[in-house]
Every structure is written in C-alpha cells, then in structure tokens.
Amino acid sequence: MNKDILICGVGGQGTVLASRIIAASAMSENNTVHSAETIGMAQRGGPVTSHVRIGDDAYSPMIPSAKADLIIGFEPAEVVRNIGYLSSNGLAVVNTSAVKPVTESLAETGYDGSEMIKYLEKNVNCIFVDGEEECKKLGSAKFLNILLLGIAAGSGRLEISKDTITSEIEKRVPAKFKEKNLEAFLCGFEIGKAKEN
Amino acid sequence: MKEYVMGNGAIALGALKAGVNIACGYPGTPSSEIIETIAKYPHEGLHLEWSVNEKAALEVAAAAAYSGARALVTMKQVGLNVASDPLMSLAYVGVEGGLVVVSADDPGPISSQTEQDTRRFADFARIPVFDPSSPEEAYEMIQDAFEYSEKYKTPVIFRPTTRVDHGYASIETFKEYTPKRFEGFKKDSSRFVIFPRLSYKNHGIIEDRNIHIGEDFSDYRFNTAEGGPSKNAVMASGVSYMYAKEFLKDHPEIKLIKIATAYPFPESFMIRQLEGVEEILCLEELSPYIEEQLLKLAGKHHLPLKVYGKLTCHVPAMGENSSDLIAKILRCYLDIEEQSELTKKDIPNLPVRPPVLCAGCPHRASFYAVKKAMQGEKTYYCGDIGCYTLGNAMPLDMVDTCLCMGAGVTMAQGFSHVDGDGKAFAFIGDSTFFASGITGVVNAVINEADITVCILDNSTTAMTGHQPHPGTGINMMGHDVGKISIKNILEGIGLKEVVTIDPFELDKAIDTVKECANIKGVKAIIFKSPCIAIEKSSKKCLINDSCVNCKKCIRETGCPALILTDGHVTIDQSLCSGCGLCAQVCPMKAIGGSDNE
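An account of the accompanying structure is given in this report. (Residues numbered from 1 in each chain as written. Chains lettered and ligands numbered in written order. Predicted model: local features only at pLDDT ≥ 70, side-chain atom pairs only at ≥ 80, totals over all residues. Heavy atoms only, no water.)

1. Notes on the packing of aromatic side chains
The cut-off we apply is this: We call Phe, Tyr and Trp rings a pair once their centres come within 6.5 Å, taking the six-membered ring for Trp, and we label the pair stacked below 30 degrees between planes, edge-to-face above 60, and tilted otherwise. Strands here mean DSSP runs of E at least two residues long; helices mean DSSP runs of H or I at least four residues long; both are numbered from the N terminus. Here the term buried applies to any residue with accessible area under 20% of the maximum for its type, exposed to any over 50%, and partly exposed to those in between, with areas from a 1.4 Å probe on protein chains only. Remark: a charge is flagged as sitting over a ring if the NZ atom of Lys or the CZ atom of Arg is within 6 Å of the ring centre and within 35 degrees of the ring normal.
Under the counting rule described, the total for this entry stands at 21 aromatic pairs over all chains. When the centroid spacing of 4.5 Å and the interplanar angle of 15° are considered together, the rings of Tyr380 of chain B and Phe415 of chain B count as stacked. Taken together, the residues span a long stretch of sequence, with Tyr380 of chain B in strand β14 (residues 379-382) and Phe415 of chain B in helix α16 (residues 407-418) at a distance of 35 residues. For Tyr380 of chain B, a relative accessible area of 17% puts it in the buried group. Members of the aromatic cluster, each reached through a chain of ring pairs, are Phe130, Tyr148, Tyr152, Phe217, Tyr220 and Phe222 of chain B. Here the basic side chain of Lys162 of chain A rests over the ring of Phe189 of chain A, its NZ or CZ set 4.3 Å away from the ring centre. Sitting above the plane of the Tyr59 of chain A ring, Lys245 of chain B keeps its charged end 4.7 Å from the centroid.

In structure tokens, the structure reads:
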C-alpha cells in the first residue's frame, strides 16, 4: 500500500497524537512509514502540519504537491492553506469550527471560517463535520483529534483496519480517557462511513 | 527490534550502539532531542550532560576523547560558532577515542539566526563531515563517524538538517548498551599541548591525510550512484537527495549521485561517476558547497562538464528545498512538461497566525513593567535569544536589537557608551545568562557601563523544550546538585544593585525599574516567575459587569486569552492562566481572579 496523509490544524488541537496513531497503526500492519511534524517556534495557536507517508514509494518525509490521498483538517483555513497537497481525487475531512488567530483581538480580520468552507465546498471532495458540536456531545473538545481520525477511518480512505487503529488508540491515550476516546472514534467512524457511502 | 523514532532519536540510538562513553550538548532547534533521547534509553556507565554552552560541551568531550573514550557533542549550527575556538585547535591536536560533533543545520531558516552551512566549517577546520539524507541513514552513519574518527584520530562533524532531525522512520535498533572500553589518558605533552611548532607540523600531516580520507570516502558505502548511464546527471546531498530520488523514480535513465561526505570530497568516486556525463545539476541546501567542490574537480581534470546549481541560479541561493521545488528544478533541467495540478486559483485570504508569547507568560509582565516605567524616556532595549525575542511584537514592542546568544548585555553596554542620555536595558533569559551572559556582565562592570540588566528567570530553557540549566539544580545524570543562584553571581561580580521581583506584582515592578534605571552603573533586576508550561496554574481571570469595553487590556498587553466576542471583551478560559496582569491594567477594576479547577 502507498498512501500519503496530511494532518493540519493549529497548535494545541492534538494533531500530533492523531498522526502518531496513524503511523503506528500502519506500521503494525507491516507497512513502511515515514512522517514529519511541525516543531520549533510554532507553538499554541500557530499553523501545524503532520505528513504521514505509508509505503515503500515514499523516500522523503514530506508529501509532494498534489499527492496527498487524504487531508485530515482540524480547522477550515488550515485545510485551505494546505490544499495544494491534495491529489485531484483525494478527500479532505474538515472540521468546520474555525479557530480565530490569537492576534484577532489586536488586529481584527473578521475571520470566521465561512469563506474557507465555501471555497472547499466548491473545489474539493470533502466530508464536513461540526467538530465543536460533536465534541460537546462527547463532553470535551479534547476528543476532536480522535473523532476526526474516526471519520477518516470510516471513510475507507485510510485502508487500515478499524481494530488496528482501536488498539493503537488504547495504547496511546491516558487510561481514564480510554472509553471516551473509543466512543469518539466510533462516533467519527459512523459519520465517515455514512458520508462516504 | 524495530522502533519508530525521530531522526534525532536515530542519531542518539546510533551513538549508543557505537558505545559512546560521554555525550554533552547545548539545546538548540533542530538538535535538542539527541541528548534527550539518550536520557530516555538505558545508558548505564555513560556520562550525560546539558553543558552550560557549546564551547564547554566540546572541551569536556575533547578530554574524554584524549583518554580514548568515545564522545558525542550536540548543538545547532550557530552553537558551532560558540564551540569554534576549541574545534579549530582540536582539529590540529586530534583525538584518541572517536569524537563526533553533531551540528544541526537549519535551512529556511525555520528557527535560527543564520543560514550558515556547517560543511564549510568542516572544510575550514580541515576535518571530515558526514551528511545523512534520512533518519535510517543517520542511524548507520553516526556509527561510521565514530569509526572514521578513530581510524584517522581526528574529530569529525556530523551534519543533519531539520528534515532529517525531525523526520520519523522505523529503525532496526540494538538490544543493549555496551560502553566502549578505553585505556585512559596517556600523558604526552608533545601531542596534547598545542604550540606553534606542533601546529606547523600537524598542519602538513592533516593536509596529506585529507587526501587519503578523500580516497577512503571514494569507497564509502553512502556515497552512491543509481540510474543512468546518461549524459545529464544529478548530484545531490542530504534530504534534497531524497526529494530528487522520489521524482526520478519515473526517470530511471537519469543518473543520480549522492554525496554523503562533502569534505574531504570523494574525488575518485566522482571521477568514476562522471564517465560520459556532459551536464550535471547540483541539489543541496544552504551554500553551494558540493557544487564548488565539483567545479574544482572539473577544473583540476579539465573535464568538459557543465555544472548547474546555485551558482548558475538554477537553484535558489537561500531557503529550504522541498519536494515541489526540487521537482520544478528537475522538470526544467530535464525538459519535462508540468503535469496539470489541482487548480489553486481564487484561494481566499488566509488568516495569519504569528507566534506570540503564551497567555500568562511572565515575560509579557516583565516587558510591560519596564515599558510603563520608562514611558517618555529615551531607551535602548537589547533583546537576546529565547522565547522573549517575541517581546518585539506589537503591542509590547520591547525588543530593539537581537543579535546572538548573550549579546543583549554587551550591546546595552555599547549603547550606554555612545549615548549617555539614553537608558540602556538588556533582557536575557536564565538559561542564556548561564550560557553566555555572565562574561558580558563582568565586562560591563569593569568598563563602567550604565545599564540595567533584566534577567527573565522562568526557571527553564523554554523555547527549546524545557531543558534544565544550572539555575534549576537537576543535571542530566538525574542528580540534585543544588541551584546556582543568579543573584549570588551578580552580587559576586559587584553590581550596584540586584533586586528580585515578581513581574506579576505590577506596581512594585514598575517602581523597582524606575529606581534601578536612575542608579548610575550596572544594576540588575531578576524578574522571577516560572514558565506557564512547567508550572500549570488552575487560576482563571473573569470579567465582571464593570467592564466598559475600553479594550485597554487588549491594547496594552496583547495577551492571546483576551478576545472580543460580539464587540465585548471576554477571556478565553481555555488559554487563561489567571496571571492577573490584565486585572492590574484594567482602569475599571473589571477583572477579577478565581480559583476554578
């Protein structure tokens, strides 16, 4: 299997855990995996990306333009920022809840994500989800990453078995949040399955 | 056993497999995780330290290597500038045990002051350099680096770049750490005491030796060629090789040559590979180093070779390479038509998300206190390297200069000598103070400067990932060695005044700054409050009905937790740490604290 997955959002949303789970799941199904994450001056509130590359055809850890099979987008503007990576028949899973820049109150941009969503609707094959609303049902915004991972898995585009991912989630989340995270994953899985079929 | 590790982790594990006996370094992106990875794996019998700076790290390692031990030193590229004094001399003296200096380069630059190229430093010091192209290769190559270091009794440089340091791959790792056995130091002053006569003699030996190493490297396992034969070839190094390899997958007729040892250049290998080649494109990051080596080789052998690269403007002189950039350059070079890509027209304006000081960061309060105290005065605000460089952003606007580690103190001194009317301030973090601030303070005192040194003491090395330093009291061996007091150091130097204050007691802080600024001579204010990332607070600030939405809190502090919701000032409770700075700025007393869980 050869698959390129780009995960994007803003610092603090839990993109790194999602990318680690995908990488670990792909590895435990005997695939070669490379990945790269944003590290350094990017901190809470800055744009972050993780590139996960599965398969023997990937040499560098960075996905080339228009080669990503899947984007898992934690924030609409961040999906648009990285849209050049998506292949023409790729899919983007998009959380529609916008995150305003931390400098918004100082220098108002009026950004609320709606323009980004309109652009994506018109140009890209997307599964949209109101992450804020879904996370409210789950009880905390902390489950957004696992919810989106669930949608990606449910869409069938990850091509990694549900059980493999579930067992990697169990290994990587704190014990007391295990049940809730599994619930978030299954909730996402159903959304992804319903929207893609 | 296979493990999924970061490139820096691969370097650490490779060094452990090589039986490294001592590892020292100073944190700096993108190199910091090497020492941290060693700390996480079994390493019984190894001495591990975050040294006070890169110069100290290399000197500690040098003595170990004189004794026959294997020594690893880690730093980022600008750290090598600090360590360059011992490095240049050590190159003449040589070593007994393997000594590898890892100096991580940062094309872009993504989080550095410069786009300098460590390979030039290796050439300058006349010592070999290894340049890995992936984490997997880095794991193997760091072990080779120790072997070559011992074979030629010379320090060697290992130069990864950001994408190798921070890329992840699965590595087949070793089972158990076995430290190298070594004999210990054998006194020999004709070998280990550097004198002009010794340097003269060794200079000649080193130049001869490097010709041999170039020959040796001509058979080195990671200098490779694939594809072809073709009249037009590609020569690449580092991660650029991986980008090129991926693009050339569909063009196996093109010869791709990888150079893993930029210096001494593997000349014979290259001459062999150039058989039948008429044109060659050089792909590398930072300086056109291997391109220049190739031009020299072509000149020396009168080769009818066209060389393209940075020097011919076919590759950009600055910035990071990417798979897209390399693909574009290769398409142009090989005359391949561009495939139609997803149209990226009409992309709406994207929100900019600049890096800012965190909500509740004590640096914001320290800068704000100085700003308020010095309102209306002529000032010089000399910044330094750390999170607090972000104090330059609006609305604080409190950093006038930033040059290199420790320069804030000495530059404030310089301003005080050319302008007696201005008030010169140095802002320096605790870790930076220990790394290279102390000598600057001594210099300021002895030369009668009139400056206020503001130590922003947040009890950690925040920007590079919260490493300990001499002021935190715990070393990398896990021992509690007691904290070294910044206050005692400053008093020992003989400053006019040393005051320690909590930056979040705003009025007191402002008064203290005013008082100190008016004392002639060198004085220091230690703004002491821990980084919010190491001491989590459960406190929150809340806005009450007295708020008139004047937005002074937002305008003056720029705290990211203060947001406007439908025209009303509100506090993002998920970001707020309850520091209370905004409460003290508010003219309506409309912000109060709470102890919410």
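From this point on, the discussion continues.
2. Thoughts on the pairing of strand β5 (residues 86-95) of chain A
Residues and elements named next belong to chain A. Stated formally: Here the rule is simple: two strands pair whenever DSSP picks up at least two bridges between them. Crossover handedness is defined by viewing with both strands directed away from the observer: a clockwise path from the first strand over the helix to the second marks the crossover as right-handed.
The buried fraction of β5 amounts to eight of the 10 residues, a majority that puts the element mostly inside the structure. Relative to β5, strand β4 (residues 68-73) runs parallel, the two being bridged by five bridges. Its bridge partner being in β5, Ile71 is matched across the sheet by Ala92. Handedness of the crossover joining β4 and β5 through helix α2 (residues 76-81) is recorded here as right-handed. Where β5 and strand β6 (residues 126-129) come together, four bridges link them in parallel fashion.

3. What about the sheet that holds strand β1 (residues 2-6) of chain B?
We apply this condition: What counts as an axis is a line fitted to C-alpha atoms, over the stretch in contact for a helix, and the angles between N-to-C directions run from 0 to 180 degrees. Here a residue-residue contact requires only that any non-hydrogen atoms of the pair lie within 4.5 Å.
On the basis of which strands lie adjacent, the open sheet formed by eight strands has the order β6(A)-β5(A)-β4(A)-β1(A)-β3(A)-β2(A)-β8(B)-β1(B) and mixed pairing. The sheet terminates laterally at β6 of chain A together with β1 of chain B, the two strands that pair on one side only. This sheet shows a mean twist of 20° between the axes of neighbouring strands, independent of strand direction. Where strand β1 (residues 3-10) of chain A meets β4 of chain A, four bridges bridge the pair, whose relative direction is parallel. Pairing of Ile7 of chain A across the sheet is with Ile72 of chain A, part of β4 of chain A. Packing against the sheet, helix α1 (residues 15-28) of chain A makes contact with β1, β2 (33-37), β3 (47-54) and β4 of chain A together with β1 and β8 (167-172) of chain B, and its axis sits at approximately 5° to β3 of chain A.

4. Things to note about helix α7 (residues 178-196) of chain A
All names here are of chain A. We apply this condition: To estimate how far a helix should reach, multiply one less than its number of residues by 1.5 Å.
In this model, α7 (19 residues) spans 27 Å end to end at C-alpha, consistent with the 27 Å of a helix rising 1.5 Å per residue. Along α7, the positions that sit buried rather than exposed are Asn181, Leu182, Ala184, Phe185, Gly188, Phe189, Ile191 and Gly192. Those residues of α7 that are buried lie in contact with β6, α4 (131-138), α5 (144-154) and α6 (162-172).

5. Overview of the pattern of salt bridges
All names here are of chain A. Using the following cut-off: The salt bridge criterion pairs a side-chain nitrogen of Lys or Arg with a carboxyl oxygen of Asp or Glu, the two atoms within 4 Å.
Enumeration according to the criterion identifies 41 salt bridges over all chains in this entry. Across the pair Arg172 and Glu168 runs a salt bridge whose closest N-O atoms are separated by 3.2 Å. With Arg172 and Glu168 both in helix α6, this residue pair falls four residues apart, about one helical turn. Assessed through its relative accessible area of 3%, Glu168 is described here as buried.

6. Here we look at helix α19 (residues 506-518) of chain B
Note: α-helices contain 3.6 residues per turn, so residues at a spacing of three or four share the same orientation. Residue and element names in this part refer to chain B. Applied cut-off: Summarising the geometry, the arc corresponds to the directions from the helix axis toward the C-beta atoms.
Taking 1.5 Å of rise per residue, the 13 residues of α19 would be expected to cover 18 Å, and the 19 Å separating its terminal C-alpha atoms lies within 8% of that figure. Among the residues making up α19, those that are buried are Leu506, Ala509, Ile510, Thr512, Val513, Cys516 and Ala517. One side of α19 holds all its buried residues, which, seen down the axis, span an arc of 165°. Exposed side of α19, more than 90 degrees from the buried face: Asp507, Lys508, Glu515 and Asn518 are the residues found there. Next to the buried residues of α19 lie α15 (362-373), β15 (423-429), β16 (451-457), β17 (497-501), β18 (522-528) and α21 (581-585).

7. Observations concerning the packing of α1 of chain A against α6 of chain A
Residues and elements named next belong to chain A. So the rule is basically this: Orientation categories follow fixed angle ranges, with anything under 35 degrees roughly parallel, anything over 145 roughly antiparallel, 65 to 115 roughly perpendicular, and all other angles oblique. Left-handed is the label given to a crossing in which the near helix is rotated counterclockwise from the far helix by less than a right angle, and right-handed is the label when the rotation is clockwise. Asp, Glu, Lys and Arg are counted as charged, while Ala, Val, Leu, Ile, Met, Phe, Trp, Tyr, Cys and Pro are counted as nonpolar; the rest, among them Gly, fall into the polar class.
It is the contact of α1 with α6, at a shortest axis distance of 9 Å, that shows an interaxial angle of 125°. When the axis of α1 is compared with that of α6, the two are oblique. Helix-helix and strand crossings are classified by hand; for α1 and α6 the assignment is right-handed. In this structure, α1 contributes Leu17, Arg20, Ile21, Ala24, Ser25 and Ser28 to the contact, and α6 contributes Thr164, Ile165, Glu168, Ile169 and Arg172. Along the lines of polarity and charge, the residues of the contact of α1 with α6 split into five nonpolar, three polar and three charged.

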